[in-house]
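# Structural features, examined
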Amino acid sequence: MPELPEVETVRRGLQPVMEGAKIVVAEARRPDLRFPFQPDFVARLQGQVVTGLGRRAKYLMADLASGDVLLMHLGMSGSFRVIKPDNDAAPGEFHYPRGKDTTHDHVLFRMSSGADIVFNDPRRFGCMKVIARNALEDEPLLRGLGPEPLGNEFDAAMLARSCEGKTTSLKAALLDQRVVAGLGNIYVCEALHRSHLSPRRIAATLSTRKGEPTDHAKRLVGAIHTVLNDAIKAGGSSLRDHRRTTGELGYFQHSFKVYDREGETCKTPACGGTIKRFNQNGRSTFWCRKCQK
DNA sequence: CGCAATACCTGGGTGC
DNA sequence: TGCACCCAGGTATTGC
């Protein structure tokens, strides 16, 4: 499901009920998500005050008063929702209407702010892990991540440098979280279209022989900034699974120019091309052959 | 080494 | 209706 804009939308939804509140009860309803929960997972969360809720790439990071950090990743199908606890339930129990959509409720938090937070993830590609804040730089899940695409360090020069010598496609390079951290299939397709660059272009063509960024690299960075910022403003894109923590849909999918638009007309002014789809490294690529070069 | 393919999961849609 | 198959917003691992 979620790429950077969706994760940021979730972060903004959880922040008001998590920050400054205590995790009164934590519950993992199955032994694992992508990997097994740590044996002390619940113990390290329960009773802790969340001092801040941040984001790094597609990871949510809840700072705890203990000095631990709770890392959360939504995988392909993870979502959080915030619900009102049932006042008639026992203090440590979560009572709420069950249905098909609650089958995959795997992790629950009761916050002292008066909210229950439910993590749902049908495919279980998501994960949660508690680590010590002073060991963040040694954390394997975070160690290899490249720059934040909306951060100050990420610019055309940096992108060109990290693509130097890469013989893979530009599409594959942008999906590589070591190159830039937070893009996924949707926003890579959209950023390439908005910068009029072909997904098949060799990644190394973003820099000159001298190692300077090309105009292509500058255009691409501009497009990445624009599409991510616009998508965050729209509350992300809702195709199948993404919901805001309130259950509402994001609406950036209405602004897609290529993603999921196979056979439709290109939205580039005066282009008139037809959006095509093909498979690149096992993922669908959507693009306009006429205006993306 | 870089890169492509594969595996991990469930569910929805399609075509027979 | 059932079934086989394909597809899905991610990422770690495998193998060439």
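Residues numbered from 1 in each chain as written. Chains lettered and ligands numbered in written order. Predicted model: local features only at pLDDT ≥ 70, side-chain atom pairs only at ≥ 80, totals over all residues. Heavy atoms only, no water.

The name an unreviewed UniProt entry assigns to chain A is Formamidopyrimidine-DNA glycosylase, from the organism Bradyrhizobium niftali. Among the UniProt annotations of chain A, the heading Sequence similarities (unreviewed entry) holds the following wording: "Belongs to the FPG family." One UniProt comment on chain A, placed under Subunit (unreviewed entry), says "Monomer." (UniProt positions renumbered as here; feature names shortened; annotations may be inferred.)

## Digging into the overall build of chain A
Check the secondary structure of chain A and you find seven helices and ten strands. Over its C-alpha trace chain A gives a radius of gyration of 21 Å, about what one expects of a compact globule, namely 19 Å for 293 residues. If you line up chain A on its principal axes, its C-alpha atoms span 65 × 40 × 30 Å. Long-range contacts, defined as pairs at least 24 residues apart, comprise 66% of the intrachain contacts of chain A with a sequence gap of at least 6. Within the structure as shown, chain A displays about 13,300 Å² of accessible surface, and the carbon and sulfur contribution to it stands at 49%. In chain A, the 44 positive side-chain charges and the 33 negative ones have mean positions that sit 8 Å from each other. (Helix = DSSP H or I, 4+ residues; strand = E, 2+ residues; numbered from the N terminus. Rg over C-alpha atoms; globule rule 2.2 N^0.38 Å. Contact = heavy atoms within 4.5 Å. Areas by Shrake-Rupley, 256 points an atom, 1.4 Å probe, with all protein chains shown as cover. Lys, Arg positive; Asp, Glu negative; His and termini not counted. Charge placed at Lys NZ, Arg CZ, Asp CG, Glu CD.)

## Quick word on the side chain of Glu-190
Within the secondary structure layout, Glu-190 lies in helix α6 (residues 185-194). Given a relative accessible area of 0%, Glu-190 falls into the buried group. In terms of polar contacts, Glu-190 uses its side chain to reach the side chain of Arg-194, at 2.8 Å. Among the polar contacts made by the side chain of Glu-190, one reaches the main-chain amide nitrogen of Lys-257 at a distance of 2.8 Å. Look past the residues within four positions of Glu-190 in its chain and what remains in contact with it is Val-227, Ser-255, Phe-256, Lys-257, Val-258 and Tyr-259. (Buried < 20%, exposed > 50% of the residue type's maximum accessible area, 1.4 Å probe, protein only. Polar contact = N/O pair within 3.5 Å; in protein donor to acceptor, adjacent residues only side chain to side chain.)

## Considerations on helix α1 (residues 4-18)
Between its terminal C-alpha atoms α1 stretches 20 Å, which fits the 21 Å expected from 15 residues at 1.5 Å a residue. Buried residues of α1: Leu-4, Pro-5, Glu-6, Val-7, Glu-8, Thr-9, Val-10, Arg-11, Leu-14, Val-17 and Met-18, and no others. (Expected span 1.5 Å × (residues − 1).)

## Examining the UniProt feature "active site" (unreviewed entry) in chain A
The sites that UniProt annotates as "active site" (unreviewed entry) are Pro-2, Glu-3, Lys-58 and Arg-283. With respect to the helices and strands, Pro-2 occurs in the segment before α1. For Pro-2, a relative accessible area of 6% corresponds to the buried category. For Pro-2, the contacting residues outside a window of four places in its chain are Val-7, Lys-58, Leu-74, Gly-75 and Met-76. Residue class for Glu-3 comes out buried when judged on its relative accessible area of 5%. Discounting residues that sit within four places of it in the chain, Glu-3 has contacts with Lys-58, Gly-182, Leu-183, Gly-184, Asn-185, Ile-186 and Tyr-187.

## Here we look at the sheet that holds strand β1 (residues 23-28)
The strand order across the open sheet formed by four strands is β1-β6-β7-β5, and the pairing between neighbours is antiparallel. Both edges of this open sheet fall to β1 and β5 (79-83), since each of them pairs with a single strand only. Within this sheet the neighbouring strands show an average axis-to-axis angle of 15°, counted without direction. (Pairing = 2+ DSSP bridges. Axes fitted to C-alpha atoms, helices over the stretch in contact; angles between N-to-C directions.)

## Let's talk about the nonpolar core
Among the nonpolar cores identified, the biggest contains 40 residues, and Leu-159, Leu-174, Leu-183, Tyr-187, Leu-206, Leu-220 and Ile-224 are the most heavily contacted of them. Elements supplying a minimum of two residues to this core: α4 (156-163), α5 (170-175), α6, α7 (215-233) and β10 (283-288). With eight residues, the top contributor of residues to this core is α7. Setting aside anything within four residues of it in sequence, one finds Ile-224 in contact with Pro-149, Phe-154, Leu-174, Leu-183 and Ala-191. Listed in part, the 29 residues of the second largest apolar core include Ile-23, Phe-37, Ala-62 and Val-107. (Core = buried A, V, L, I, M, F, W, Y, C linked by side-chain atoms within 4.5 Å.)

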